Amino acid sequence: MRYEWESMNRSRCRMAMVTTGIFYACIIACFVAADQRSYDGYEVWRAEPRTMKDVEFLKDLGFTTEIDYWSEPTTPGKPVDILIHPDKERTLRSTLETERIPFHTYIDNVQQLILEQMRRKIEAKNSRELRSILDFDYRVYHDYDEVMEWMNTITMEFPNNVTMEQIAVTYEGRPMYVLKFLGGGDVDKPVIFIDSLIHCREWITTASLLYIFKEMMTNPLYKHMLEDANWYFVPMINIDGYVETWTNDRLWRKTKSTGSSSLCTGVDANRNWDSYWSVSGSSNDPCSNLYHGPTPESEPVIRHLARYVLSLGKIDGYLSTHSYSQYILYPYNYANITTPDYELQDSVGEKMKNAIYAVYGTEYTNGLGATVLYEFSGTTSDWTYDKAGVKLSYTIELRDTGEYGFLLPPEQIIPTGEEYLAALEVFKNELTTL
Ligand SMILES: [Zn+2]
């Protein structure tokens, strides 16, 4: 659904006037790209599968249709959030009613939340030139160019500690970089690798990590983070998709590659790793949001990131950052099987969970990926554990638990970052004492 500039402007202004006032509403509407897909009329429903049969039914629906699960079917009793296209509402309603799966509207105006996410962006626009990472506004989300500017600024500001290296070129030809935060000194310091935005609509992942690395570099309280460990950070994996979320479709999840025989674009990059590829929780339908791709590592960003990780030789901890659901997940994801390092993974995960809780009382769940979530294969942390030998490999699902989902308000960027930073502090401390 695409809108002409004028009619889009009018309808957005009219809708937003009711809630946020004429001034901001119109400015926000004008700020959002003219050909952005509109989510007017879209809702998020929360379904509540009560039996394994309900869960299996919903899973099959996800593999065989273009349904967009915001949170996946996992086990009976755990809610499932579904983005509802207005044209498909009636069909899905009758499907769920026929299957006797209870559901209710959880977010009733998706487009309004998209506009709200941009609200603070207006205030930040035309702000001062970026001379230091302290000039950056961490209370708003930033697009690809702005994140690149932050990356260039931090490398220029801390030339002795921070370097940037290109490690891949995306399908659409954009460079992908890793930032290295090396404190110098002891060569045996633990190496921690962090990534974000493998799923490009999960904006909070990069936003919170830019805040965290700013704190690590500028706040004396966190000086020990760089002194005690070497950090590798890939701020944007699915860069093409990230650009898509800012210019065309805020809720795009997959990469932007196009298969030769398919009408549908993109691969779920977190089903594309060469680790139990296509075994579970992924789809061979190119139109599914869970499409694992034509081959393992078909996506250039995954292929090259994998090579780069292997080239480092020794990584002690790997955190792949996602949202939402507030989970700390360790391998395996592909099946309900624990690794030989299960006890260590669980105890470090538990400590990170407690550190997060201590900040604002936010509750995360720590556990085996396949159990806490569901069985899904071709994922980062299974690969880093098995193929790169990183014992402490985790998937971190940041805030929230569905109130805003992927459209987390910008006011929550810093609190989410503070919590994740507390977890990273504990993670680093644990690795230092191993
Ligand atoms: Zn994700």
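Conventions adopted
- Residues numbered from 1 in each chain as written.
- Predicted model: local features only at pLDDT ≥ 70, side-chain atom pairs only at ≥ 80, totals over all residues.
- Pairing = 2+ DSSP bridges.
- Helix = DSSP H or I, 4+ residues; strand = E, 2+ residues; numbered from the N terminus.
- Axes fitted to C-alpha atoms, helices over the stretch in contact; angles between N-to-C directions.
- pLDDT = per-residue confidence, 0-100.
- Contact = placed C-beta atoms within 7 Å.
- Buried ≥ 20, exposed ≤ 12 C-beta atoms within 10 Å, placed from the backbone.

Strands in a sheet are paired, the pairing made by backbone hydrogen bonds, and the direction either parallel or antiparallel. Spatially, β2-β3-β1-β4 is the arrangement adopted by the 4 strands of the open sheet, whose pairing is antiparallel. The open sheet has two edge strands, β2 (68–71) and β4 (103–107), and neither has a second partner. Each adjacent strand pair in this sheet contributes to an overall mean axis angle of 35°, direction not counted. As defined by bridge partners, strand β1 (residues 43–47) adjoins β4 across 4 bridges and the pair is classed as antiparallel. In the strand pairing of β4, V44 is matched with I107.

Let us look at the confidence of the model for the chain. Of the residues in the chain, 90% have a pLDDT of 70 or more, and the chain-wide mean is 90. The model gives residues 1–27 a pLDDT under 50, and that stretch makes 27 contacts with residues more than four places away or in other chains.

Turning our attention to the sheet that holds strand β8 (residues 230–234). An order of β5-β6-β8-β7-β9-β12-β10-β11 is seen for the 8 strands of this open sheet, with the pairing classed as mixed. Two strands lie at the open edges of the sheet, namely β5 (162–169) and β11 (365–368), each paired on one side alone. The sheet shows a mean angle of 20° between the axes of neighbouring strands, taken without regard to direction. Bridging between strand β7 (residues 191–196) and β8 involves 5 bridges; their strand directions are parallel. Counted as the bridge partner of I192 is W231 from β8. Packed onto the sheet, helix α8 (residues 203–218) meets β6 (175–181), β7, β8, β9 (317–323) and β12 (392–398) and runs at close to 130° relative to β9. Against the sheet, helix α12 (residues 342–360) makes contact with β10 (327–330), β11 and β12, and its axis sits at roughly 165° relative to β10, the strand it touches most.

Moving on: the pairing of strand β3 (residues 80–84). Most of β3 is tucked away, with 5 of its 5 residues classed as buried. By the alternation rule, side chains of β3 split into V80, I82 and I84 and D81 and L83, which are all buried. The pairing of β1 with β3 spans 5 bridges and is classified as antiparallel. Bridging across to β3, R46 finds its partner in D81. Strand direction decides the pairing type here: β2 and β3, joined by 3 bridges, are antiparallel. Within β3, the residue paired with D68 across the bridge is L83.

Most of β12 sits inside the fold, with 7 of its 7 residues counted as buried. Side chains L392, Y394, I396 and L398 project from β12 onto one buried face, and the interleaved S393, T395 and E397 project onto a second face that is buried too. With 7 bridges joining them, β9 and β12 adopt parallel strand pairing. By the bridge assignment, T321 is partnered in β12 with I396. When β10 meets β12, the two strands line up antiparallel, connected through 3 bridges. Residue L329 lies in a different strand from β12, and its bridge partner there is T395.

Its place among the elements puts R201 in the loop between β7 and α8. With 40 residues separating them in the primary sequence, R201 and G241 have C-alpha atoms 7.9 Å apart. If we skip the residues at most four places from it in the chain, R201 touches T245, R250, L251, W252, R253 and F406.

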